[in-house]
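Structure at a glance
Residue-level listing of the chains:
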Amino acid sequence: VEDHGISFLVRRVDSLARKEQARQQRKQSKPKAKDGEFNPFLPYEQELFVTDLSSTHLVLLNKFNVVDHHLLMVTREFEDQESLLTQADFEALAMTLGEIDGLAFYNGGRVAGASQRHRHLQLVPLPMVAGEAQLPVTVVLEALTDSGRVEQLSGFPFVHGAVSLGGLDWTKPDAEVLYELYQELLGLRDEGGAYNLLVTRRWMLLVARRMEEFEGVSVNSLGFAGSMFVRDEVQLERLKAIGPMAILKAVAAGY
């Protein structure tokens, strides 16, 4: 769906409905998080295990994946998805993104599209579509300079910050540098506010959030990469009528 110079990728994904159904069926049978909500990662399903990353994190396959090889970087012990990321989280992110050229992302709270309270970052390999080397929003992020400073881009009509990572060596990525940039980006949102974080080998982007959905269309971090998901044809037509950028502007914090 073309909008504001961006070729948004929109998928109709049956797994969205399956995910919600499974959550309702299993919420009584799994160990619970601190607020009493069921926890799908304690214990995790052995068939989904990929590898141990560190003493604090492991990698699982996403059971309800939206693209092939959709990975989760999960904390071994329960940590709340609403709380801020730590340097250990960025060490896990750096190790995974150093191995796989992809898009790593974090839905910082329910308002930002998080479906589980247990801390988990995600990664989808690039390209997301065969023959499409870049993410749809690359056309906007190409305006980033190599200054290493946080910038606001005219192509995004909502509260955000972006920074180039072009100088980072991904054969031995520096998690401390990534963590420091993340902390700087957090200053763009209201204290305690929800946000989406997107990281590739080339840039880092943080978007402040105010709503989880607009007109029934839910948005998580992938929306701000230019990849959106609908449940059915009715939602698809609604998205086309409203426009993807208008939906992103509605769910993000405004200037």
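Up top is the structure these notes are about.
Below is a summary of the structure that appears in this document. (Residues numbered from 1 in each chain as written. Predicted model: local features only at pLDDT ≥ 70, side-chain atom pairs only at ≥ 80, totals over all residues. Heavy atoms only, no water.)

Scanning the model with the defined rule gives 8 salt bridges in all. Among the ionic pairs, Glu45 bridges to Lys63, the shortest N-O distance being 3.0 Å. Of the two residues, Glu45 sits in the loop between α1 (15-26) and β4 (49-52) while Lys63 sits in the loop between β5 (57-61) and β6 (71-75), which places them 18 residues apart along the sequence. Given the relative accessible area of 25%, Glu45 is considered partly exposed. Taking relative accessible area as the criterion, Lys63 reaches 36% and is therefore assigned partly exposed. Here Lys240 ties to Glu237 by a salt bridge, and the two come within 3.8 Å at their closest N and O atoms. Here the residue Lys240 and the residue Glu237 both occupy positions in helix α5 (residues 233-242), the gap between them amounting to 3 residues, near one helical turn. The exposure class assigned to Glu237 is partly exposed, which follows from its relative accessible area of 44%. (Salt bridge = Lys/Arg side-chain N within 4 Å of Asp/Glu carboxyl O. Helix = DSSP H or I, 4+ residues; strand = E, 2+ residues; numbered from the N terminus. Buried < 20%, exposed > 50% of the residue type's maximum accessible area, 1.4 Å probe, protein only.)

Okay, the packing of helix α2 (residues 87-99) against helix α4 (residues 175-186) next. Running from amino to carboxyl end, α2 crosses α4 at an angle of 120°, the nearest separation of the two axes being 8 Å. Looking at the two axes, α2 sits oblique to α4. Relative to α4, α2 is oriented so that their crossing is right-handed. Here α2 contributes Gln87, Phe90, Glu91, Leu93 and Ala94 to the contact with α4, which in turn contributes Ala175, Glu176, Leu178, Tyr179 and Tyr182. Of the residues that constitute the contact of α2 with α4, the class distribution is 7 nonpolar, 1 polar and 2 charged. (Axes fitted to C-alpha atoms, helices over the stretch in contact; angles between N-to-C directions. Parallel < 35°, antiparallel > 145°, perpendicular 65-115°, else oblique. Left-handed = near helix turned anticlockwise from the far one by under 90°. Contact = heavy atoms within 4.5 Å. Nonpolar A, V, L, I, M, F, W, Y, C, P; charged D, E, K, R; others polar.)

A few words now on the side chain of His118. Its place among the elements puts His118 in the loop between β7 (102-108) and β8 (120-125). Look at His118 and you get buried, because its relative accessible area is 2%. At a separation of 2.9 Å, a polar atom in the side chain of His118 contacts the side chain of Asn39. Look past the residues within four positions of His118 in its chain and what remains in contact with it is Asn39, Phe41, Leu42, Val74, Thr75, Arg76, Glu77, Phe78, Glu79 and Gln81. (Polar contact = N/O pair within 3.5 Å; in protein donor to acceptor, adjacent residues only side chain to side chain.)

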